[in-house]
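So you can see what is in the structure, the chains are spelled out below.
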Amino acid sequence: EPEVTQTPSHQVTQMGQEVILRCVPISNHLYFYWYRQILGQKVEFLVSFYNNEISEKSEIFDDQFSVERPDGSNFTLKIRSTKLEDSAMYFCASSQRTRNTEAFFGQGTRLTVV
Amino acid sequence: TQLLEQSPQFLSIQEGENLTVYCNSSSVFSSLQWYRQEPGEGPVLLVTVVTGGEVKKLKRLTFQFGDARKDSSLHITAAQPGDTGLYLCAGERGANNLFFGTGTRLTVIP
């Protein structure tokens, strides 16, 4: 069964460092998303991406964040200068369409900023 | 501010009991999804409801979308230990993003 895969599963980084979280969406999906979940809190939308550009982003997705689809399979989230409060599980998701979105989530990357 | 409140927040029941989880909002959603999340993993989609009043069944799970598309419920019949997990509702308003609820953590005791 097709699935969304994310790497690494866990990343520890020092405050101020740049991190890149990687995702391989399901191959025939066209819409890609990043969500985050701070420990013990709810899942929060960060950004959606379609046709090589951002479709929508939340207030969390500030200038420190960027997304890219560098090739036909990968979808990345970059945090330029990490802060302690960026520590969270980051989930990538993909879907075939944008309405009645049935998003399929990856296993997540646990980012710990120290 | 969009808000999807789920109740109860925590629920612990004995195997074989029935339960209902609620997802309420003051906002209208074009569709609503229910997910289940295990510790350390991503949410797994259970069902999508689209039409007001719609009822969908998935084995022992029954999902209903409110007539006004502002709320939803998940009913589990004869709960089993394998149903233990975090249940999340997520509403779609515009295109391209899901707004997640606060979650209900269910524990089914054998």
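This section reports on the structure supplied with the text. Quick caveat: nothing in here was measured; it's all calculated off a predicted structure.

All names here are of chain B. Mapping Ile76 onto the fold places it in strand S8 (residues 71-76). Here Ile76 falls in the buried class, since its relative accessible area comes to 0%. Spatially, the C-alpha atoms of Ile76 and Glu15 are 11 Å apart, while their sequence positions differ by 61 residues.

This next bit is on the pairing of strand S9 (residues 85-92) of chain B. Residues and elements named next belong to chain B. Buried residues dominate S9, accounting for eight of its eight residues. Here strand S4 (residues 31-37) runs beside S9; their pairing, made up of seven bridges, is antiparallel. Directly across from Gln37, in S9, lies its bridge partner Leu86. By the bridge criterion, three bridges tie S9 to strand S11 (residues 104-109) in an arrangement that is antiparallel. Across the sheet, the residue bridging to Gly85 is Leu106, located in S11. When S9 meets strand S10 (residues 98-100), the two strands line up antiparallel, connected through three bridges. Bridging across to S10, Gly91 finds its partner in Phe99.

Definitions and limits used
- Residues numbered from 1 in each chain as written.
- Chains lettered and ligands numbered in written order.
- Predicted model: local features only at pLDDT ≥ 70, side-chain atom pairs only at ≥ 80, totals over all residues.
- Heavy atoms only, no water.
- Helix = DSSP H or I, 4+ residues; strand = E, 2+ residues; numbered from the N terminus.
- Buried < 20%, exposed > 50% of the residue type's maximum accessible area, 1.4 Å probe, protein only.
- Pairing = 2+ DSSP bridges.

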